[in-house]
Amino acid sequence: NLKSQNTANQTALKEATSNVTDAQNAKNAATKNVTNKANSILKSYSKNLTAAQKKALQEGKAVSTKGLSGKALSAVQAYNKLVTTASTKSQELTLALDAQEEAANNAAQSAADLAQAMVEAEQEMFANVKNYYDSQLDYLDALNSKQQALNDLRSAKRIEMNAHDY
């Protein structure tokens, strides 16, 4: 049971790590898209943008569409959608990292539990072997004691003893 639980936790950790990698790649791609779109807008529509809008573009933040029209407006709206997507991907990465941390903790705990159970099983096995041999010794002592009592009885009754009686 502990072994299968440990295997499941180790598998969950691998999946969580894979999810983190995927989420990191998605976030990086979304951030790159935001940066590329911002640079494109700054090149093409710089004269139509206010200082605050330019600053927001340079910082990778959502841009106000106030005062924009035509192609500049549609470009900024597309940029804002990319910013929203990048924000979502960043949140997904945070969730994936949290899940990976929990999976790592669970995997470490189950590995420790399994190792402890294996040690306890070995200790129990040695204790059982010791008990077996202790029982054998007790049995032989009891037989020896019985034989000694029989010999004492024969000696008391003055019955002749032979080699077999010793």
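In this report, the structure presented in the accompanying data block is examined.

What counts and what doesn't
- Residues numbered from 1 in each chain as written.
- Predicted model: local features only at pLDDT ≥ 70, side-chain atom pairs only at ≥ 80, totals over all residues.
- Heavy atoms only, no water.
- Core = buried A, V, L, I, M, F, W, Y, C linked by side-chain atoms within 4.5 Å.
- Buried < 20%, exposed > 50% of the residue type's maximum accessible area, 1.4 Å probe, protein only.
- Helix = DSSP H or I, 4+ residues; strand = E, 2+ residues; numbered from the N terminus.
- Contact = heavy atoms within 4.5 Å.
- Axes fitted to C-alpha atoms, helices over the stretch in contact; angles between N-to-C directions.
- Parallel < 35°, antiparallel > 145°, perpendicular 65-115°, else oblique.
- Left-handed = near helix turned anticlockwise from the far one by under 90°.
- Nonpolar A, V, L, I, M, F, W, Y, C, P; charged D, E, K, R; others polar.
- Expected span 1.5 Å × (residues − 1).
- Salt bridge = Lys/Arg side-chain N within 4 Å of Asp/Glu carboxyl O.

1. Structural notes on the nonpolar core
Logical step 1: One finds Ile41, Leu49, Leu57, Val63, Val76 and Tyr79 to be the most contacted residues of the largest nonpolar core, which totals 17 residues.
Logical step 2: Among the secondary structure elements, those contributing two or more residues to this core are helix H1 (2-45), helix H2 (51-59) and helix H3 (70-156).
Logical step 3: Setting aside residues up to four positions removed in sequence, isoleucine 41 forms contacts with Ser46, Leu49, Leu57, Ala75, Val76 and Tyr79.

2. Side note on the packing of H1 against H2
Logical step 1: It is the contact of H1 with H2, at a shortest axis distance of 8 Å, that shows an interaxial angle of 150°. As the angle between them shows, H1 and H2 are arranged roughly antiparallel. Crossing hand, H1 versus H2: left-handed. Listed contacts from H2 to Ala38, Ile41 and Leu42 of H1 are Lys54, Leu57 and Gln58.
Logical step 2: The residue inventory of the contact of H1 with H2, partitioned by class, reads four nonpolar, one polar and one charged.

3. A word on H3
Logical step 1: For H3, which comprises 87 residues, the first-to-last C-alpha distance of 127 Å matches the rise-based estimate of 129 Å (1.5 Å per residue) to within 8%.
Logical step 2: Looking one or two residues past H3, arginine 158 carries a phi angle of roughly 60°, positive in sign.

4. Topic: the pattern of salt bridges
Logical step 1: Counted by the stated rule, this structure contains four salt bridges.
Logical step 2: The closest approach of N and O atoms between glutamate 59 and lysine 55, which form a salt bridge, is 4.0 Å. Residue glutamate 59 and its partner lysine 55 are located together in helix H2, separated by four residues, close to a single helical turn.
Logical step 3: The exposure class of glutamate 59 is partly exposed, given its relative accessible area of 43%.

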